Amino acid sequence: EAFYLDENDLIFGSHRSHHEVLAKGFSAIRKMTDEKLSEILNAKENAATYNAICREFPSDDIKTTARRFFIFGILSDIFAKMTGFCGGVTGSMHIFFPPFGIFPSNAIVGASASIAAGAALFKKLQKKKGVVIANLGDGAAGRGPVFEAMNFASMKQFDSFWEEGYNGGLPLLFNFSNNYYGMNADTENETMSFSGDVARVGAFEEKGMNAEKVDGWNIPALADAYRRKFAEMKEGKGPCLIEATTYRLCGH
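Residues numbered from 1 in each chain as written. Predicted model: local features only at pLDDT ≥ 70, side-chain atom pairs only at ≥ 80, totals over all residues. Heavy atoms only, no water.

Asks: Explanation requested: the sheet that holds strand β4 (residues 172–178) in the structure shown.
Replies: Sheets are built from strands paired through backbone hydrogen bonds, the pairs being either parallel or antiparallel. In spatial order, the strands read β2-β1-β3-β4-β8-β7; together these 6 strands make up an open sheet with parallel pairing. Here the strands that pair on one side only, and so sit at the sheet edges, are β2 (102–103) and β7 (212–215). Sheet topology note: the β4/strand β8 (residues 240–245) ladder contains 6 bridges and is parallel. Opposite F174, over in β8, you have L241 as the bridge partner. Helix-sheet contacts for helix α5 (residues 112–126) involve β1 (10–12), β3 (132–137) and β4, and the interaxial angle to β3 is about 170°. Contacts from helix α9 (residues 219–234) reach β3, β4, β7 and β8 within the one sheet, and its direction differs from that of β8 by about 170°. (Pairing = 2+ DSSP bridges. Helix = DSSP H or I, 4+ residues; strand = E, 2+ residues; numbered from the N terminus. Contact = heavy atoms within 4.5 Å. Axes fitted to C-alpha atoms, helices over the stretch in contact; angles between N-to-C directions.)

Shown next as structure tokens:
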């Protein structure tokens, strides 16, 4: 999904979100102007990270410097170093960097969904640019906060009661990555009431949340699905749901 996202789009991470954070950050860097990147790198709160990069890995190219800054800041937080974006206090599960539209993941499985719903409501009320992504695993499809968020995001009042200019669904994508395991449990046969399709959890909403199941190994098909969903959300046709199927190749 990150291929289409810029700094105005917000992601809220899954239980383990390093890949999501890296993809979103590099996408934002690719799309931002050199002037905007320079402003972020030189911000007072980023001084420790930026000064370390300039000292150890100097470069005349601002985008190269931004990529090194971003990776170094992430690794510093993971290893509890002061040169991290958050001074090394976030650890592995709560990495975030708001200037690139990256908000924290959550150690509580599925909890990011309800926070993302609130962020999407904020964007709608303030008429802010961009969409909001709640990145989730298949194990999160059995969690109460996820269903509460989906119900809240799908309320009919957004279409029925809200005045012109504010009506329409929330710009929110519930992005499920289904690898068929939640920790050590086979979600389909052991822990869930449904079988096979996580996309079916969107069926309680009238339009079925425009839900779509996509082969997560088929990158062009996946990119096309995200492109269409982002377009729908920007037209006020959200929320949307994507289930990207994959498979866990090794143990927990």
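Asks: Looking at this structure, I do not really get the pattern of salt bridges. What am I missing?
Replies: Pairing between side chains becomes possible if they bear opposite charge and their charged atoms approach one another. This structure, assessed with the given rule, holds 9 salt bridges. In this structure, R55 and E56 form a salt bridge, with 3.3 Å as the shortest nitrogen-oxygen distance. Here R55 matches E56 in class, with each residue exposed. Close ionic contact of K213 with D197 constitutes a salt bridge, the shortest N to O distance being 2.4 Å. One end of the pair, K213, is in strand β7; the other, D197, is in the loop between α8 (187–191) and β7, and 16 residues separate them in sequence. (Salt bridge = Lys/Arg side-chain N within 4 Å of Asp/Glu carboxyl O. Buried < 20%, exposed > 50% of the residue type's maximum accessible area, 1.4 Å probe, protein only.)

Asks: For this particular structure, what's the right way to read the nonpolar core?
Replies: As a rule of thumb, nonpolar side chains are buried together in soluble globular proteins. Ranked by size, the top nonpolar core spans 34 residues in total, and within it F70, F100, L173 and F230 carry the most contacts. Non-local contacts of F70, meaning those with residues more than four positions away in its chain, are made with V21, L22, G25, F26, I29, F85, F100 and I102. Judged by nonpolar contacts, the second largest core, of 28 residues, contains A119, V132, A140 and M192. (Core = buried A, V, L, I, M, F, W, Y, C linked by side-chain atoms within 4.5 Å.)

Asks: Is there a simple way to think about the packing of α5 against helix α6 (residues 144–153) in this case?
Replies: Each packed pair of helices is defined by two parameters, the angle between the axes and the distance between the axes. Between α5 and α6, whose axes approach to 7 Å, the crossing angle comes to 20°. With respect to α6, the element α5 is oriented roughly parallel. Here A113, S114, A117 and L121 of α5 come into contact with α6, specifically with P145, V146, A149 and F152. Looking at the contact of α5 with α6 residue by residue, the classes come out as 7 nonpolar, 1 polar and no charged. (Parallel < 35°, antiparallel > 145°, perpendicular 65-115°, else oblique. Nonpolar A, V, L, I, M, F, W, Y, C, P; charged D, E, K, R; others polar.)

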